[in-house]
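Results of the structural survey
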Amino acid sequence: MTRRGRHFLQIPGPTNVPDRILRAMDFPTIDHRGPDFQALGREVLEGCRTVFQTTGHVVIFPSSGTGAWEAAIVNTLNPGDRVLMAETGHFATLWRAMAQRLGLEVDFLAGDWRHGVDAEEVERRLAEDRAQRFRAVMVVHNETSTGVTSRISGVRRAIDRAGHPALFMVDTISSLASIDYRHDEWGVDVTVGGSQKGLMLPPGLAFNALSDKALAASRSSRMSRSYWDWQEMLKANATGFFPYTPATNLLYGLREALRMLQEEGLPNVFARHARFAHATRAAVRGWGLELLPLDPAEYSNSLTAVLMPEGHDADRFRTLALRGWDISLGAGLGKLQGRIFRIGHLGDFNDLMLMGTLAGVELGLRAAGVPIQASGLAAAIEVLSQPPTAAAAERRAANS
Ligand SMILES: Cc1ncc(COP(=O)(O)O)c(C=O)c1O
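Counting of residues starts from 1 at the beginning of each chain's written sequence and follows it residue by residue. Confidence filtering applies because this is a predicted model: local features only for residues at pLDDT of at least 70, side-chain atom pairs given and counted only at 80 or more, and all residues used for totals across whole chains, interfaces and linings. Heavy atoms throughout the structure, all of them, feed into the side-chain values; hydrogens and water do not.

**Topic: the nonpolar core**
Just so we agree on the cut-off: What makes a nonpolar core is a set of buried Ala, Val, Leu, Ile, Met, Phe, Trp, Tyr and Cys residues whose side-chain atoms join them at distances within 4.5 Å. Each residue's exposure class comes from its accessible area (1.4 Å probe, protein chains only) as a fraction of the maximum for that residue type: buried when under 20%, exposed when over 50%, partly exposed otherwise. Secondary structure elements are taken from DSSP: a helix is a run of H or I of four residues or more, a strand is a run of E of two residues or more, and numbering for both begins at the N terminus. In this analysis, two residues are considered to be in contact whenever any of their non-hydrogen atoms come within 4.5 Å of each other.
Residues Ile60, Trp95, Trp230 and Leu254 are the most contacted members of the largest nonpolar core, which totals 69 residues. In terms of residues, this core owes the most to one element, helix H9 (residues 248-264), which gives 8 residues. Each residue touching Trp95, except ones within four places of it in the same chain, is listed here: Trp69, Ile73, Met85, Met138, Val139, Val140, Met169, Val170, Asp171 and Val192. Counting 30 residues, the second-largest nonpolar core is a separate cluster that includes Phe276, Phe317, Leu329 and Phe349.

Printed below as a string of structure tokens:
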């Protein structure tokens, strides 16, 4: 089948890479030990701090996000260490499996994949741990498999209330540069990020933002590591270089992405995503379908997970939407396979792209014979035709 026009890549990452970033990467690769690279290295290493809202070090690995999960563990912990994690969904479950494979003893707070981290339960478990055996609390900020965003500041407060010294590690892979995330203010020790979502880049870069406490832990941690070693990386980064061949062209892209985010201003980026999410949820309600997340305070602004009515297969619907309208939607992962679909609305995205996406979903639902109450598009237009909220406008003014 011949396809014309742009494919709609509306999975919750990788996201659409803007032309400006594609053009910025379309240059000859340079000597990664020369002066031009040094200027690039310095600019991106410095610029990343703003996105993580930290004044500390941010380490950039040529890897997928999974690599940065591993780096967070092997740089800070010891074999046999006990850690507390929370079952928010598929990605939290994968991170737990990795932690176990690396020899950690994981206490996994059970979850229903429709709620975020239960901060009270975290506090209770830490308070019970009088011997302070837990070495880390590890959670996913935005669970990409469910569209649930956990309140990281609440988890921080829970750790503090329990008076526990555990390290705090947070995965922000599908929230960074789309949902407000504050490494320093929320007292996070290691933040894990990836390039292919809010940063609008192709896959291939992963990040660890580090606190002083995490760095101190890395000096005494006894886990085997080599490629992921922060100390080697930081030594080279001090002069703008990397200890091995970096992903030079992706770093060109990162430089452009950071400039774009700075031009827009992070508060405006967050407000834009909040508006898309609000309009998408209005469309879902218009169709008469059910959102997977159960707590409105935890609705994700970067993606929306939608439950299929009983007797309808979400994967069949996604296949029909792809075939008919060239739109890729997110699949249900793990135990949600076939039961939900996910609409990604993050990254380089605007109102009309959202309307195109929602039209693709509605056409696909009709093609799959899924009963819908009414057009969700009208409900989304209602939201998008409202002026941005006063608060967002104020933030925009303050930022301009
Ligand atoms: C929340 C979250 N964590 C971790 C990962 C794994 O990242 P990667 O697939 O880049 O290794 C993903 C991927 O989508 C994710 O969404």
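Having seen it, we continue.
**Here's the deal with unusual backbone geometry**
Trans peptide bonds make up the majority, and among non-glycine residues the majority have a negative phi. Between Gly13 and Pro14 the backbone carries a cis peptide bond, its omega angle lying at 0°. Examined against the element boundaries, Pro14 turns out to sit in the loop between strand S1 (8-10) and helix H1 (19-25). The backbone of Ala177 sits at a positive phi, close to 65°, despite the residue not being glycine. Within the element layout of this structure, Ala177 appears in the loop between strand S8 (167-171) and strand S9 (190-194). By relative accessible area, Ala177 is classed as buried at 2%. With a phi close to 65°, Met200 is a non-glycine residue in the positive phi region.

**Observations concerning the sheet that holds strand S2 (residues 58-62)**
Inclusion rule: One requirement defines pairing of two strands: DSSP has to find at least two bridges between them. To obtain an axis, a line is fitted to C-alpha atoms, over the contacting stretch when the element is a helix, and the angle between two such axes runs from 0 to 180 degrees between their N-to-C directions.
Strand order in the open sheet formed by 7 strands is S2-S10-S9-S8-S5-S3-S4, with mixed pairing between adjacent strands. In the strand order of this sheet, the two ends are held by S2 and strand S4 (105-109), each with one partner. Each adjacent strand pair in this sheet contributes to an overall mean axis angle of 20°, direction not counted. Relative to S9, S8 runs parallel, the two being bridged by 3 bridges. In the sheet register, Met169 faces S9, and the bridge partner there is Val190. Along the sheet face, helix H8 (residues 230-237) touches S2, S9 and strand S10 (205-210) and points at about 105° away from the line of S2.

**Quick look at the site of the ligand**
Rules: Neighbouring residues are identified by heavy atoms, a residue being near a molecule or strand if any of them is within 4 Å of it. We call two N or O atoms a polar contact when they sit within 3.5 Å, provided that within protein one can donate a hydrogen and the other can accept it, with sequence-adjacent residues counted only if both atoms are side-chain atoms. Only the protein chains shown count as cover for residues, with accessible areas throughout obtained via the Shrake-Rupley method and a probe of 1.4 Å. All residues other than Ala, Val, Leu, Ile, Met, Phe, Trp, Tyr, Cys, Pro, Asp, Glu, Lys and Arg, Gly among them, are scored as polar; the first ten of these are nonpolar and the last four charged.
Taken together, Ser64, Gly65, Thr66, Trp69, Phe91, Val140, Asn142, Thr144, Asp171, Ile173, Gln196 and Lys197 make up the full set of residues near the ligand. Lys197 is positioned with one of its side-chain polar atoms (N or O) 2.7 Å from an oxygen atom of the ligand. Within the complex, 86% of the 390 Å² of free accessible area of the ligand lies under protein. Along the lines of polarity and charge, the residues of the shell around the ligand split into 4 nonpolar, 6 polar and 2 charged.

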